[in-house]
Structure formats: C-alpha cells, structure tokens
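The residues making up each chain are set out below.
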Amino acid sequence: MKSREDKLWENLLAQSAPTFAGEVSPPYGFTTRVLAAVRDQHRQEAVWERVGRRAIIASLAAVVGIALVTFVRHDSDDLDPAVKSVALVENVQVS
Amino acid sequence: MDTPDDHALLVERWRAGDESAGGKLIELLFPIISRIVRLHLPRRDDESDLVQEILMKTFSRLHQFQGTAPLSHWVSRIALTTCLDRLRAQKARPEIRWSDLTPPEAELFDTTWLEGQTPSAEKAIAARDLVERMLAVLPPQDRSLILMVDLEGRSLEEISQLTGWSLSKVKMRLFRIRGHLRKLIQNWGERQ
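All figures in this text were calculated on a predicted structure; none of them were measured in a lab.

Peer 1: Quick one: what's the story with the overall build of chain B, residue by residue and with numbers?
Peer 2: If you tally the helices and strands in chain B, you get 9 helices and 0 strands. In chain B, the order of α-helices and β-strands from amino to carboxyl end is α-α-α-α-α-α-α-α-α. In chain B, buried positions account for 46% of the 192 residues. Considering only residue pairs separated by 6 or more positions, chain B has 65% of its internal contacts joining residues 24 or more positions apart. In the form shown here, chain B has an accessible surface area of approximately 9,700 Å², with 51% of it arising from carbon and sulfur atoms.

Peer 1: How would you summarise the interface of chain B and chain A if you had to cite specific residues and measurements?
Peer 2: The interface is formed by 46 residues belonging to chain B together with 33 residues belonging to chain A. When the two sides are added together, the surface that chain B and chain A hide from each other amounts to roughly 3,600 Å², 68% of it contributed by carbon and sulfur. Across the chain B-chain A interface, the total number found is 3 salt bridges. Of all the secondary-structure elements, those providing two or more residues to the side of chain B that touches chain A are α2 (19–40), α3 (47–61), α5 (103–115), α6 (121–136), α7 (140–150) and α9 (167–189) of chain B. Top contributing element to the side of chain B that touches chain A by residue count: α2(B), with 11 residues. Here the residues of the side of chain B that touches chain A are counted per class, giving 24 nonpolar, 11 polar and 11 charged.

Peer 1: Explain the layout of surface pockets residue by residue, including any values.
Peer 2: All names here are of chain B. By volume, the largest pocket is sized at about 310 Å³. In this structure, the largest pocket is lined by 15 residues; those nearest its centre are His73, Trp74, Ser76, Arg77 and Leu162. Those elements that place two or more of their residues in the lining of the largest pocket are α4 (71–88) and α8 (156–163). Residues belonging to the lining of the largest pocket are distributed by class as follows: 4 nonpolar, 6 polar and 5 charged.

Peer 1: Go over a nonpolar patch on the surface, please, and point to the residues and values.
Peer 2: Taken together, the side chains of A:Val47, A:Trp48 and A:Val51 present a nonpolar region at the surface, about 320 Å² in accessible area. Among the secondary structure elements, A:Val51 is positioned in helix α2 (residues 30–75).

Peer 1: Describe in detail the environment of A:Arg33, supporting the description with residues and values.
Peer 2: Position of A:Arg33 among the secondary structure elements: in helix α2. On the basis of relative accessible area, A:Arg33 is assigned to the partly exposed category, the value being 41%. Each residue touching A:Arg33, except ones within four places of it in the same chain, is listed here: B:Ser48 and B:Gln52.

Peer 1: Break down the nonpolar core for me, citing the residues and quoting the values.
Peer 2: Within the largest apolar cluster, 68 residues are counted, with the highest numbers of intra-cluster contacts made by A:Trp9, B:Leu25, B:Ile33, B:Leu55, B:Leu71 and B:Trp188. When residues of this core are assigned to their parent elements, the largest contribution, 11 residues, is made by α2(B). Those residues in contact with B:Leu55, other than ones at most four positions away along the chain, are A:Phe30, A:Val34, B:Ile26, B:Leu29 and B:Ile33.

Peer 1: Lay out the packing of aromatic side chains with the relevant residues and their values.
Peer 2: One pass over the structure, following the stated rule, counts 3 aromatic pairs over all chains. Between B:Trp14 and B:Phe59 the ring centres are 4.9 Å apart and the planes differ by 75 degrees, which places this aromatic pair in the edge-to-face class. Within this pair, whereas B:Trp14 is found in helix α1 (residues 4–15), its partner B:Phe59 is found in helix α3, the two being separated by 45 residues in sequence. One exposure class covers both B:Trp14 and B:Phe59, and it is buried. For the cation-ring pair, B:Arg128 lies above A:Phe20, with the distance from its terminal atom to the ring centre recorded as 3.8 Å. A cation sits over an aromatic face here: B:Arg173 above B:Trp165, 4.5 Å from the ring centre.

Peer 1: Kindly report on the confidence of the model for chain B, identifying the contributing residues and their values.
Peer 2: All names here are of chain B. In this model, chain B carries a mean pLDDT of 84, and residues with pLDDT of at least 70 account for 90%. Across chain B, element-level confidence peaks in α3 with a mean pLDDT of 92 and bottoms out in α5 with 74. Two summary scores accompany this predicted model of the complex, namely pTM at 0.72 and ipTM at 0.74.

Peer 1: Would you mind going over the environment of B:Arg191 in detail, with residue names and values included?
Peer 2: For B:Arg191, the location among the structural elements is in the segment after α9. Distance from B:Arg191 to B:Glu19, taken between C-alpha atoms, is 59 Å for residues 172 residues apart in sequence.

Peer 1: With reference to specific residues and values, describe the side chain of B:Arg143.
Peer 2: Considering the arrangement of structural elements, one finds B:Arg143 in helix α7. Looking at B:Arg143, its side chain comes within polar contact range of the side chain of B:Glu132, at 2.9 Å. Apart from the residues within four sequence positions on either side, B:Arg143 is in contact with A:Phe20, B:Leu39, B:His40, B:Glu132, B:Leu135 and B:Leu138.

Analysis parameters
Residues numbered from 1 in each chain as written. Chains lettered and ligands numbered in written order. Predicted model: local features only at pLDDT ≥ 70, side-chain atom pairs only at ≥ 80, totals over all residues. Heavy atoms only, no water. Helix = DSSP H or I, 4+ residues; strand = E, 2+ residues; numbered from the N terminus. Buried < 20%, exposed > 50% of the residue type's maximum accessible area, 1.4 Å probe, protein only. Contact = heavy atoms within 4.5 Å. Areas by Shrake-Rupley, 256 points an atom, 1.4 Å probe, with all protein chains shown as cover. Buried area = accessible area lost by both parts, 1.4 Å probe. Salt bridge = Lys/Arg side-chain N within 4 Å of Asp/Glu carboxyl O. Nonpolar A, V, L, I, M, F, W, Y, C, P; charged D, E, K, R; others polar. 1 Å grid on protein atoms, 1.4 Å probe; cavity = no way out; pocket = protein on both sides within 12 Å on 5 of 7 lines; lining within 4 Å. Points joined across faces, edges and corners; volume = space filled by probe spheres on them. Patch = residues over 30% accessible without salt bridge, like charges linked within 9 Å, V, L, I, M, F, W, Y side chains within 5 Å. Core = buried A, V, L, I, M, F, W, Y, C linked by side-chain atoms within 4.5 Å. Phe/Tyr/Trp six-rings, centres within 6.5 Å; stacked < 30°, edge-to-face > 60°. Lys NZ or Arg CZ within 6 Å of the ring centre and 35° of its normal. pLDDT = per-residue confidence, 0-100. Polar contact = N/O pair within 3.5 Å; in protein donor to acceptor, adjacent residues only side chain to side chain.

What follows is the structure, given as structure tokens:
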C-alpha cells in the first residue's frame, strides 16, 4: 500500500519526466569534433606505444651490454687490486 | 542499422579503419548516452563534455567489445559507471526546509499534494527543480539509484548488474532512500 508521500513523489517524477529525456541527435559539429578527438587520441597512443617499445629495446640492449662486459671482465681475471693483493699474500688460487 | 548485428558490423568496419562507420556509431550511441548523462549528471559537470568523454572511452575500448551483449547495453554500462564514478566524489547537500523553496516550487508542491498529478508542460520545469531539490539531500549515488528505479523503470537485478552492487545492497539503499523522501515530504507538508 502506497502512502500519500509515495504518491506525491510519483506525481512529481511523472510531471518532471520530459525534462529528463536526453537529446535524440548530436548537436551540429559534435560528431566531427569527437571523431577528431578520437583520431588524436589514437595518434597519441601510437606515439606512446612506439616510445615504450623503443625504451624496452634500449633497456634490453643495456642489460645485454652490461652482462657481456661483466662476463668478459670476469674471464680476463681483472680483479680489484685490493682483492688481488690479498690473494697474493694468502697465496689463494684465483681463476 | 538498428539491430545488434548491424551495430556489430559498424564496430567491425570502424576497427578496419572506416571513418564513416565511426560517425554512424556516434549518431547511434549519442541518444543512449545523452539520456543516461542527463539523468545522472553530476553537479558542476557539463553535459556535452561528459557525453564526449564517454564516447571517447567507448571508442578506446571498442577493441574489447566481443559482441556477446548488444552494443547499447555495453555502452550504457560505460556511461553509467562513468557518471557514478564522478558522483562518488560529490557530497550530499544539507537538508532543505520548506522556507528554502521558491514560490513556484512551493505552489507546485501544494497543488500536487492536494490535487494529485496535474500534467502540464509549464509545470515540468518547476517539478524538475523540486525533484532535484529533494534528491540533492541524498548521497549522489542514491540519487541515481532512485531515478533508475522510479524514472527509468529498471529492475533491481538490472541495476545490480549495471552497478556491480549486490542485490541486497540495492534493496537496502532503496528502502533507506524511500524512507528519507517520505520524511522530507511529510516535513514539507507540515511546513517544517
């Protein structure tokens, strides 16, 4: 059972309903504006994607470079002088 | 171009790079988004800007559209969640007293109270203002909820799906909102 207050609320909503109806078609120039904005957004996304891809490739190249240098230095027995002197004093075999 | 298959075809054409399909999609989706935005527009937000923002969101996510649900449902969900996210940041206004109402609003309240519905085009604006004043005291998401039920006629299950709220949460909120509105109308009826 609806109260008087509920009925008043329903009546007010029914009277105001036409003002809540949306627009049927976009205003002049709206479609062009949105399409241009979408195109611009896609262009920006493509730029960021390219930048991101390049950054990843550069990071990978740097990691590979560092790994190679570390490997080569380790192989050539290029020890820190302090470590080398300790090794000599203690007569430790360092390969 | 009104069946779900036609909509899916438009999406496919847009994905394939057909610009004219984009224009048709905007014209097709505009009334759907416009209706939702007008109903759930946050204060201080511009309607046209918000419709554009929702369309931009829609286009940036079109690659995710599977076509399992109608495009209109998919877009409605994006529009509603965008509005609800914006509304979340808003706060309810303080309680409005009878003395805060403008003379046309007070007159409309009295005539509606005493005579019931008096449909007239001139009164629609005053009725809208009065409804907005009554809803302004509610938390913004509650405002959206009561309008979805009482104005759009959406079912509680549908609202639960659209908002992601549980059915019991929807029912509980609705119960609380109705109590709040009844009390407000009673107070105005007693001129408090």
